[in-house]
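# Geometric and topological summary
Chain by chain, the residues:
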Amino acid sequence: MKGYIEERAVEIANYIIEENATVRQTAKKFGISKSTVHKDVTERLIQINPTLAREARKVLDVNKSERHIRGGLATREKYQHQHV
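To keep things clear, this report deals only with the structure shown in the data block. Residues take numbers from 1 onward in each chain, read along the sequence in its written order. A pLDDT threshold of at least 70 governs which residues receive local features in this predicted model, and a stricter bar of 80 or more applies before side-chain atom pairs are shown or counted, although totals over entire chains, interfaces and linings include all residues. With hydrogens and water stripped out, all remaining heavy atoms of the structure feed into the side-chain values.

Residues Ile12, Ala13, Ile16, Val37, Val41 and Leu45 are the most contacted members of the largest nonpolar core, which totals 13 residues. Only DSSP runs of H or I reaching four residues or more are called helices, and only runs of E reaching two or more are called strands; each is numbered from the N terminus. Put simply, the parts of the chain that give this core at least two residues each are helix H1 (3–19), helix H3 (34–48) and helix H4 (50–80). Examining the composition of this core, we find that five residues originate from one element, H4, more than from any other. Aside from chain neighbours lying at most four places away, what touches Ala13 is Leu45, Leu52 and Ala56. Put simply, buried Ala, Val, Leu, Ile, Met, Phe, Trp, Tyr and Cys residues joined by side-chain atoms within 4.5 Å make one nonpolar core. Here the term buried applies to any residue with accessible area under 20% of the maximum for its type, exposed to any over 50%, and partly exposed to those in between, with areas from a 1.4 Å probe on protein chains only. Pairs of residues are marked as contacts when any of their non-hydrogen atoms sit within 4.5 Å.

Next up on the list: unusual backbone geometry. Positive phi, normally seen in glycine, also occurs at Asn20, with a value near 55 degrees. Considering the arrangement of structural elements, one finds Asn20 in the loop between H1 and helix H2 (23–30).

On to H3, then. Every α-helix winds through 3.6 residues per turn, so residues three or four apart in the chain are directed the same way. A helix's residues, less one, multiplied by 1.5 Å, set its expected span. Here H3 spans 20 Å end to end across 15 residues, near enough to the 21 Å set by a 1.5 Å rise per residue. The reported bend at a residue is simply the angle between two axes, fitted to the 7 residues ending at it and to the 7 residues beginning with it. The largest bend in H3 comes to about 40 degrees, at Asp40. Residues Val37, Asp40, Val41, Arg44 and Leu45 constitute the buried set of H3. The inward-facing, buried residues of H3 contact H1, H2 and H4.

To describe two helices that pack against each other, one gives the angle between their axes and the distance between the axes. For the pair H1 and H4, interaxial distance at closest approach is 9 Å and the crossing angle is 45 degrees. The angle between H1 and H4 places the two elements in the oblique class. H4 is crossed by H1, and the crossing has left-handed handedness. For the pair H1 and H4, contact is made by Val10, Ala13, Asn14, Ile16 and Ile17 and by Leu52, Glu55, Ala56, Val59 and Leu60, respectively. Each residue belonging to the contact of H1 with H4 can be placed in one class, and the counts come to eight nonpolar, one polar and one charged. The axes are straight lines fitted to the C-alpha atoms, using for helices just the contacting stretch, and the angles between their N-to-C directions are given from 0 to 180°. By definition in this entry, angles of less than 35 degrees are roughly parallel, angles greater than 145 are roughly antiparallel, angles of 65 to 115 are roughly perpendicular, and the rest are oblique. Crossing handedness: left-handed means the near helix sits turned counterclockwise from the far one by under a right angle, and right-handed means the same turn made clockwise. All amino acids are sorted into three groups, where Ala, Val, Leu, Ile, Met, Phe, Trp, Tyr, Cys and Pro are nonpolar, Asp, Glu, Lys and Arg are charged, and the leftover types, Gly among them, are polar.

So, in structure tokens, the structure goes:
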């Protein structure tokens, strides 16, 4: 694996943990795709730093379990601001 990819994977994991960030927020911040964020954290980071990978995974799992709630809130917010 190339050195910069390993560095990016570690940076991404640290960002996710520190900011409690979602995959989308992380992808936007680093200018990469959601798939790349996911692959970096779930596959590449396991080989580099398993402990960091587990920590980042915990945050992503919590975000995943809450995403339906966030989606509902966003939809509610959208329709509350529309004037019919």
